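# Structure at a glance
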Amino acid sequence: MNIQSLFDVKGKVVLVTGGSRGIGLLIARGYVENGAKVYVSSRSEKVCDQVAKELTKLGPGEAISIPADLQKLSEVKRLGSELKKREESECILLLKKKFISFPLHVLINNAGAAWGAKFDEYPDEAFEKVINLNLKRVFSLTQELVPLLEKSATPLDPARVINIGSIDGLRVSTNESYAYAASKAALHHLTRVMAGQLTSSRLITFNVIAPGPFESKMMAHTLRTRGEVIKDSNPLKRIGSPEDIVGTCIYLSSRAGAYTNGALIVVDGGTLVNPYSKI
């Protein structure tokens, strides 16, 4: 098998939540540039629409905007309904008098929130907001979209759910981001539980990527104030590049990653294992 077909994602249908900025935008762009149809979702309709237009220009794939505020369960359900409606209306072919649909192949649960505050001042609403979006709604959206994912799945090319965790769910950071770290640690284990419980009956793989520092709005302040320290603490002396996160997602979504299931893949250049890390 040649390398192009092994890592091919052309024609796959992908949903990226939080896909209008940061790591989500990098991931969405990577899929579009490799021929996938990518649904981009984020809270702001204006931003989401603009990002979809810009990504589509890159080709050869395309990007389609479906804005949604995933803090709300009603919006999770609306996103699922809208995705199903669009795929049924745009991707139904008449073949031998039977309607054949091409639904969702890959779900990237990337949307997330962070909140930093001193322990004595950490507000209750911070835990509510962060745990809800980073953990509870990942479960809700996956639950909503599993029926679509199942329709695309085969033993050699299962549907994929890729959750975006964090190295902060695997270590104690110097940042006081209690809810964020707890939510990502829980997401890592939730991914393993879903893989163990669901893969055999649904033909869907569940994996989680734990990135280190990448350029994003969430990381902007930290990189401005401590960017050089962060780079110095990394064995490769840099923060993550678009290719680093995109390559991992493409691997997990392609034939190359079809037998990888219940895995946690750390993409941090070695920060986590550096005994001299200062972050």
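A brief look at the structure comes next. (Residues numbered from 1 in each chain as written. Predicted model: local features only at pLDDT ≥ 70, side-chain atom pairs only at ≥ 80, totals over all residues. Heavy atoms only, no water.)

This next bit is on the overall build of the chain. Looking only at helices and strands, the chain features eight helices and nine strands. Its C-alpha radius of gyration of 19 Å places the chain within 12% of the 19 Å reference for a compact globule of 279 residues. Burial status across the chain gives 50% buried among its 279 residues. Considering only intrachain contacts with a sequence separation of at least 6, the fraction spanning at least 24 residues in the chain is 73%. In the chain, 36 positive and 28 negative side-chain charges are present, and the distance between their average locations comes to 5 Å. (Helix = DSSP H or I, 4+ residues; strand = E, 2+ residues; numbered from the N terminus. Rg over C-alpha atoms; globule rule 2.2 N^0.38 Å. Buried < 20%, exposed > 50% of the residue type's maximum accessible area, 1.4 Å probe, protein only. Contact = heavy atoms within 4.5 Å. Lys, Arg positive; Asp, Glu negative; His and termini not counted. Charge placed at Lys NZ, Arg CZ, Asp CG, Glu CD.)

Looking now at the packing of helix α2 (residues 22–33) against helix α8 (residues 242–253). Contact pair α2 / α8: the axes reach a minimum separation of 9 Å and the direction vectors enclose 60°. Taken together, the axes of α2 and α8 are oblique relative to one another. Here α2 and α8 pass one another in a crossing that is right-handed. Across the interface between the two elements, I23, L26, I27, G30 and Y31 from α2 touch P242, I245, V246, C249, I250 and S253 from α8. Partitioned by chemical class, the residues of the contact of α2 with α8 number nine nonpolar, two polar and no charged. (Axes fitted to C-alpha atoms, helices over the stretch in contact; angles between N-to-C directions. Parallel < 35°, antiparallel > 145°, perpendicular 65-115°, else oblique. Left-handed = near helix turned anticlockwise from the far one by under 90°. Nonpolar A, V, L, I, M, F, W, Y, C, P; charged D, E, K, R; others polar.)

Counted according to the given criterion, the structure contains 15 salt bridges. A salt bridge links K77 to E144; the shortest N-O distance between them is 3.6 Å. Of the two residues, K77 is situated in helix α4 (residues 73–90) and E144 in helix α5 (residues 124–152); the sequence distance between them amounts to 67 residues. Using a relative accessible area of 28% as the deciding quantity, one classes E144 as partly exposed. The salt bridge partner of D168 is R171, with a shortest N-O separation of 2.7 Å. The exposure class assigned to R171 is partly exposed, which follows from its relative accessible area of 22%. One salt-bridge network, held together by shared partners, links K12, D157 and R160. (Salt bridge = Lys/Arg side-chain N within 4 Å of Asp/Glu carboxyl O.)

This part takes up the packing of α2 against helix α3 (residues 45–58). One way to put it is that α2 packs onto α3 with a least axis distance of 8 Å and a crossing angle of 35°. Remark: the crossing between α2 and α3 carries right-handed chirality. Seen from α2, the contacting residues are L25, A28, R29, V32 and E33; seen from α3, they are V51, L55 and L58. By residue class, the composition of the contact of α2 with α3 is six nonpolar, no polar and two charged.

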